[in-house]
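Next come the chains, spelled out residue by residue.
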Amino acid sequence: MAKEMSTIRIHQPGLLTTIQDLGRFGYQQYGMPIAGAMDTHSMRLANYLVGNSSGEACLEATLLGPEIEFLADSCIGICGGVAPTTINPNPVELNRTLFVKKGEVLRFDMMRSGCRLYIAFAGGIKVPKVMGSKSTYLRGKIGGFNGRKLESGDEIEVGGKTVHEIRTIPSECLLPLQSIQNIRIISGPEINRFTFEGIQAFLNSEYSISPQSDRMGYRLSGSKITHNNRADILSSGLANGAIQVPSHGEPIIMLADHQTVGGYTRIANVITVDLPILGQMKAGDKIRFKEVKLDEGHDLLGRYQQMLKGLKNN
């Protein structure tokens, strides 16, 4: 299928739809968060379906996807959260290459599992890069489409790539979309600031994701984690997946839009390969933490990278 530059028109934006790529790196020392996709794995898979580079920007939709009219023939891939999906008005499969004709409309129902889905367009999304990234950082009102979430009536240029091959994602490459997840962590730099009882509570309790959660971080409700001393530390750099514990004793997981520094003790950090799983979780879902050693986390990341390489070589 020959592709030309085309335009999509947003009829309905869904609950929260933004443009995201892998994020904005190299500017945290100036206070600029990385942002980027909450589930980078599903974003990579969507790009694979349409032959893009793995880091090309996609639409990230939360809980309810947008309604999109295509003003030219296009090729798309949709991965991540599972939602009934139609194109004018025929049901379509997710996790495979889809060809859309001029005038057709893509629609989604509420997601039945997972929290976020990613829509990739062959040739990418034609918005300017800000500090090397197309990602939307909502609090800073930069990147993406005018620094904001999509709204009804928005028109966005996409495309510019020729696609002939139909690809599908093997089931073993898809994330587990469950409401209860075991999330692997390594010990944090202030682990010695917590009591033995506090650490045991953290590792042996089930936590619920609070409704007061967003792209910046997940607040968790559950067993209180006790400190040896004060919960405050000198402000230090925060990594994606860092788990802070303020004085109230309930953990907060830092995610894509997290601030660059924080002043609360860090009990642990989620390993890289489990961050996309967190990106598919929503308020009310349950988390149990499992500690692994740093070298095991590195080994799991290496296996993940080999899986992606194998997918590209198929």
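Just above sits the structure.
Residues take numbers from 1 onward in each chain, read along the sequence in its written order. The model is predicted, so local features are restricted to residues of pLDDT at least 70 and side-chain atom pairs to those at 80 or more, both for listing and for counting; the totals for chains, interfaces and linings are taken over all residues. Side-chain metrics in this entry use all non-hydrogen atoms of the structure; hydrogen atoms and water are not considered.

Asks: Lay out the pattern of salt bridges with the relevant residues and their values.
Replies: Take a side-chain nitrogen of Lys or Arg and a carboxyl oxygen of Asp or Glu: if they are within 4 Å of each other, that pair is a salt bridge. A full pass over the atoms with the stated rule returns 16 salt bridges. With a shortest N-O distance of 2.8 Å, Glu60 and Arg215 are connected by a salt bridge. Within this pair, whereas Glu60 is found in strand β3 (residues 58-62), its partner Arg215 is found in the loop between β13 (206-209) and β14 (217-221), the two being separated by 155 residues in sequence. Accessibility expressed as a relative area gives 1% for Glu60, which makes it buried. By relative accessible area, which is 4% here, Arg215 ends up buried. Taking the shortest distance from any N to any O, the salt bridge between Lys224 and Glu250 comes out at 3.5 Å. With Lys224 in the loop between β14 and β15 (232-237) and Glu250 in the loop between β16 (242-245) and β17 (252-254), this residue pair connects regions lying 26 residues apart in the sequence. Residues joined by salt bridges that share partners form a network here, namely Arg9, Glu69 and Glu155. Per the convention used, a helix needs a DSSP run of H or I reaching at least four residues, while a strand needs a run of E reaching at least two, with both numbered from the N terminus. A simple rule labels every residue: compare its accessible area, found with a 1.4 Å probe on the protein chains alone, to the largest value its type can have, and call it buried under 20%, exposed over 50%, or partly exposed in between.

Asks: Report on helix α2 (residues 196-204), specifying residues and quantitative values.
Replies: Looking at α2, one finds that the buried residues are Gly198, Ile199, Ala201, Phe202 and Leu203. Whether two residues are in contact is decided by their heavy atoms: any pair within 4.5 Å suffices. Tucked into the core, α2 has its buried residues touching β12 (180-187), β13, β16, β18 (261-270) and β19 (286-291).

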